[in-house]
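Listed below, chain by chain, are the residues.
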Amino acid sequence: AQSSAGIGNIDGPVQIVGPGLPDVGGQTGNIYAGFPTASDTGGKFPTSNQIAISPDGNTIFVADGRTDTFGGILEFFQSIPGSWTEVGHAQVDATADGGLRALTAVYTYTSGVATGVTLYGTTTNASANRIVQITGGTLNGNTPSFTFSTVETAAANTAFRGVALAPTAPGATA
């Protein structure tokens with residue numbers, strides 16, 4: 001069985017806004033413990049454009065638009081609720097198109113438990129960027145071994161601005 005998940009756009013670091021649903025204006029956001037709060041050694045701050053959260057809520061994948069060796073896909077895991085640790089990150093490649101903007105995830109299940117993840121993201125070029133498939137992420141806190149494969153490249157003077165999956169009937173193929 002499979003399911004997909006993605007979260008809308010965020011601006012800046014991943015934050016929590018009070019307990020429960022943020023249904024009242026003016027609440028303060030707090031950066032999750034363990035998430036970046038300062039620039040990397042290259043002087044760039046993570047640009048968290050979209051995230052995907054595992055079904056059990058213990059793994060967060062972050063699409064990071066930085067094009068230095070710190071950006072691309074970031075994976076965080078919590079073994080203690082509310083305390084996050086970065087377990088890995090990887091750049092799509094060493095070009096100006098090596099960061100990620102959009103992100104969505106497909107989870108595979110065994111006996112009702114998510115056991116695998118395949119991510120899809122869009123890269124950072126303003127023109128002729130790519131949709132990439134990302135494999136090798138983990139859901140148990142182990143170090144990921146990310147691999148990137150180009151699914152599609154946008155034509156010159158055009159760009160992909162997001163990626164989403166459409167539902168299909170069980171057993172159907174796209």
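Residues numbered from 1 in each chain as written. Predicted model: local features only at pLDDT ≥ 70, side-chain atom pairs only at ≥ 80, totals over all residues. Heavy atoms only, no water.

Draft legend 1. Structural view of the nonpolar core. One finds Phe61, Ile73, Leu103, Leu119, Ile134 and Phe148 to be the most contacted residues of the largest nonpolar core, which totals 17 residues. Within the residue set of this core, elements represented by two or more residues are β5 (59-64), β8 (100-110), β9 (113-123) and β10 (130-135). Top element by residues in this core is β8. It accounts for four residues. If we skip the residues at most four places from it in the chain, Ile73 touches Phe61, Val62, Gly88, His89, Ala90, Leu100, Leu103, Leu119, Ile134, Phe146 and Phe148. With seven residues, the next largest nonpolar core counts Ile51, Ile60, Leu74 and Trp84 among its residues. (Core = buried A, V, L, I, M, F, W, Y, C linked by side-chain atoms within 4.5 Å. Buried < 20%, exposed > 50% of the residue type's maximum accessible area, 1.4 Å probe, protein only. Helix = DSSP H or I, 4+ residues; strand = E, 2+ residues; numbered from the N terminus. Contact = heavy atoms within 4.5 Å.)

Draft legend 2. Just the pattern of salt bridges, in detail. On inspection of all chains with the given rule, the structure shows three salt bridges. The residue Asp93 makes a salt bridge to Arg130 at a minimum N-O spacing of 2.8 Å. Of this pair, Asp93 sits in the loop between β7 (83-90) and β8 while Arg130 sits in strand β10, placing them 37 residues apart in sequence. Accessibility expressed as a relative area gives 24% for Asp93, which makes it partly exposed. One salt bridge in this structure joins Asp97 and Arg130, with 2.8 Å as the shortest N-O distance. Taken together, the residues span a long stretch of sequence, with Asp97 in the loop between β7 and β8 and Arg130 in strand β10 at a distance of 33 residues. (Salt bridge = Lys/Arg side-chain N within 4 Å of Asp/Glu carboxyl O.)

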